[in-house]
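Commentary on secondary and tertiary structure
The residues making up each chain are set out below.
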Amino acid sequence: QRVRKTDPISRVIGLILKFVVNVHIDVEFWSMHASFILVGVIVATQMRGFLINLVRLFHSWSSVHTSSFIIALSSEIMGMYFVSSVLLIRMNLPAKYRRIITDVLGDLEFHFYYHWNDLIFLISALLTISFLVVSRYSVTRTKYSVL
């Protein structure tokens, strides 16, 4: 089960306020707002980076015949990114707010999508690491072979 009782921000804020500052405020209320602001910033910056890379890809691969395919592919990828963001946000919400997203999205097998989201993340992380290692190796090899 991947349903949490409290999110990481609530836990950290609660511990800091309890043991370091010794201030008593409604941690659940403020941490929920801080969580949404943090998630919003993360989603916005990731979407901006994704769109910048997508424009670069579009300019390097586009032609008259492939432009509609690239647009369709990019809209499909952005849709999958949005759904995965909603799933991750839903997982970290309190139970009373999680129910709202469940009602809006309908009767979905959320645990199935959580599993696939984790698997795709793991595969993409491993591919990114391997690509960065290979590109770093090829740059240093080219740099020293010229000398």
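First, a word on what this report is: a plain description of the structure on this page.

Below, the discussion takes up the environment of Tyr81. Tracing the chain through its elements places Tyr81 in helix 3 (residues 67–92). With 38 residues separating them in the primary sequence, Tyr81 and Val43 have C-alpha atoms 9.6 Å apart. If we skip the residues at most four places from it in the chain, Tyr81 touches Val43, Gln46 and Met47.

Side chains that are three or four residues apart share a direction in an α-helix, a result of its 3.6 residues per turn. For helix 4 (residues 95–105), the complete set of buried residues consists of Arg98, Ile101 and Thr102. Angular distribution of buried residues about the axis of helix 4 spans 100°; they occupy a single face of the element. Facing away from the buried surface of helix 4 by more than 90 degrees, the exposed residues are Lys96, Arg99 and Val104.

Another aspect to go through is the pattern of salt bridges. On inspection of all chains with the given rule, the structure shows one salt bridge. The salt bridge involving Asp103 is made with Arg99; its shortest N-O contact spans 3.3 Å. Note that Asp103 and Arg99 are positioned in helix 4 at a spacing of four residues, about one turn of the helix. Taking relative accessible area as the criterion, Asp103 reaches 49% and is therefore assigned partly exposed.

The subject of this paragraph is the side chain of Thr102. Residue position: Thr102 is located in helix 4. Among the residues examined, Thr102 registers a relative accessible area of 15% and is labelled buried. Excluding residues that lie within four positions of it along the chain, Thr102 makes contacts with Arg90 and Phe110.

This next bit is on the layout of surface pockets. Roughly 160 Å³ of volume is contained in the second largest pocket. For the second largest pocket, the full set of lining residues is Phe50, Asn53, Leu54, Leu57, Trp61, Phe69, Ile70, Leu73 and Ile77. Elements represented by at least two residues in the lining of the second largest pocket include exactly helix 2 (27–61) and helix 3. For the lining of the second largest pocket, the element with the most residues is helix 2, which contributes five residues. Taken together, the residues that form the lining of the second largest pocket break down as eight nonpolar, one polar and no charged.

We now examine helix 2. Between the first and last C-alpha of helix 2 there are 50 Å, a value that for 35 residues agrees with the 51 Å anticipated at 1.5 Å per step. All buried positions along helix 2 are accounted for by Ser31, Met32, Ser35, Met47 and Leu54.

Basis of the calculations
Residues numbered from 1 in each chain as written. Predicted model: local features only at pLDDT ≥ 70, side-chain atom pairs only at ≥ 80, totals over all residues. Heavy atoms only, no water. Helix = DSSP H or I, 4+ residues; strand = E, 2+ residues; numbered from the N terminus. Contact = heavy atoms within 4.5 Å. Buried < 20%, exposed > 50% of the residue type's maximum accessible area, 1.4 Å probe, protein only. Arc of directions from axis to C-beta. Salt bridge = Lys/Arg side-chain N within 4 Å of Asp/Glu carboxyl O. 1 Å grid on protein atoms, 1.4 Å probe; cavity = no way out; pocket = protein on both sides within 12 Å on 5 of 7 lines; lining within 4 Å. Points joined across faces, edges and corners; volume = space filled by probe spheres on them. Nonpolar A, V, L, I, M, F, W, Y, C, P; charged D, E, K, R; others polar. Expected span 1.5 Å × (residues − 1).

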